[in-house]
Structure formats: structure tokens, C-alpha cells
Amino acid sequence: MKGLRDNLVETVIESIREKKGTGIAVADLSAIESASVGKFVICSAKSTTQVAAIADNIRERLLAETGTKPYAYDGYRNSQWIVIDYGELFVHVFLPEARNHYKLEQLWNDAEFTHIPDED
């Protein structure tokens, strides 16, 4: 399963970059006993339109390339924060204000974070 999850994470990162998402961070929560998920991918977008476009691209690419459908997703109504649930992997696409407000990186500060450099 770890191999598949890592492949999903790489596809998610590529999907975010395709739509010019920024501030990509991957949180490994697998060593945290109370965590209900193995990994988070978190990113930011500049507008609600871009938040939805990134989330759509992630869902479309994972389905096309890996056959993986999300268990659930939420947040499209206002598109300030969309979360996509892939079981062992959650993807969070935020507007900067929402990301700053909810502070997932601080909430899960005992997780191991990998920050992916922004592309120019």
C-alpha cells in the first residue's frame, strides 16, 4: 500500500503544479497514533476559481492515471478550502486566508513535513 500511496502523492503534487498551486507541503502522519490518515498534501491557490480547478485536476488525474476515486470531498460550495479524502491520503486546497486561519501545519506539528519548492 505504501507504494501506491506514494504514487498518489506524486500525482497529486504534479496536478497541483499543473494548475499553478503554491506552498505545497506533504505531512506524514503515519507515526502519529491518533491520526486517522497516513498523509496530507496541503497547498494554496490565489482565488476560489483556482482552488476548484486544482481540486478538479487532482480528482481527474488520479482517476485517469491510477483508477483511484475519492471516498469523499467537500468545500466546493465556497471553494475557500476543498478537502479530498482518499482514505490514507487527504488533500487540502486552500485560499491563503483559510490556510492561515486553520493552520493545519501547526495543528499537526508533530508530523514530518516535506515542503515542495514552488515552480517559477
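Each remark here, short or long, concerns the structure printed above.
Reference entry: report on the structure contained in this document. (Residues numbered from 1 in each chain as written. Predicted model: local features only at pLDDT ≥ 70, side-chain atom pairs only at ≥ 80, totals over all residues. Heavy atoms only, no water.)

Turning next to the pattern of salt bridges. Enumeration according to the criterion identifies 6 salt bridges in this entry. Close ionic contact of Glu119 with Arg17 constitutes a salt bridge, the shortest N to O distance being 3.5 Å. Pair noted here: Glu119 is in the segment after strand E6 (112-115) and Arg17 is in helix H1 (residues 2-18), with a separation of 102 residues, a long-range link. Classification of Glu119 by relative accessible area gives exposed; the value is 54%. On the basis of relative accessibility, which here comes to 25%, the residue Arg17 falls in the partly exposed class. (Salt bridge = Lys/Arg side-chain N within 4 Å of Asp/Glu carboxyl O. Helix = DSSP H or I, 4+ residues; strand = E, 2+ residues; numbered from the N terminus. Buried < 20%, exposed > 50% of the residue type's maximum accessible area, 1.4 Å probe, protein only.)

For the rest of this paragraph, the subject is the sheet that holds strand E3 (residues 72-74). Pairing between the strands of a sheet is mediated by backbone hydrogen bonds and can be parallel or antiparallel. In space, the 6 strands of this open sheet follow the order E3-E4-E5-E2-E1-E6, with mixed pairing throughout. This sheet does not close on itself; its edge strands, each paired only once, are E3 and E6. In this sheet, adjacent strand axes meet at a mean angle of 15° when their direction is disregarded. In this structure, strand E4 (residues 81-85) lies alongside strand E5 (residues 89-94), joined through 5 bridges in antiparallel fashion. Residue pairing across strands places Trp81 opposite Phe94, the latter belonging to E5. Helix H2 (residues 48-66) rests against strand E2 (39-44), E3, E4 and E5 of the sheet, and its axis sits at about 10° to E4. (Pairing = 2+ DSSP bridges. Axes fitted to C-alpha atoms, helices over the stretch in contact; angles between N-to-C directions. Contact = heavy atoms within 4.5 Å.)

Here H2 spans 27 Å end to end across 19 residues, near enough to the 27 Å set by a 1.5 Å rise per residue. Burial in H2 covers these residues: Gln50, Val51, Ala52, Ile54, Ala55, Asn57, Ile58, Arg61 and Leu62. Backbone geometry just after H2 places Gly67 at a positive phi near 75°. (Expected span 1.5 Å × (residues − 1).)

Counting residues in each nonpolar core, the largest one holds 24 residues, and the members touching the most others are Val12, Ile16, Val41, Ile58, Leu89 and Val91. Of all the elements in the fold, those that place two or more residues in this core are H1, strand E1 (22-28), E2, H2, E4 and E5. Here this core gets 6 residues from one element, more than from any other, and that element is H2. Apart from residues lying up to four places away in sequence, Val41 is in contact with Val9, Val12, Ile16, Ile24, Ala25, Val26, Leu89, Phe90, Val91 and His92. Ile32, Ala35, Phe94 and Trp108 belong to the second-largest nonpolar core, a separate cluster that totals 13 residues. (Core = buried A, V, L, I, M, F, W, Y, C linked by side-chain atoms within 4.5 Å.)

All right, on to unusual backbone geometry then. Residues other than glycine seldom take positive phi values, yet Lys20 does so here, at roughly 65°. Mapped onto the elements, Lys20 comes out in the loop between H1 and E1. Lys20 gets classed as exposed once you look at its relative accessible area, which sits at 59%. Of note in this structure, Ser79 is not a glycine but carries a positive phi near 55°. Relative to the elements of secondary structure, Ser79 occurs in the loop between E3 and E4.

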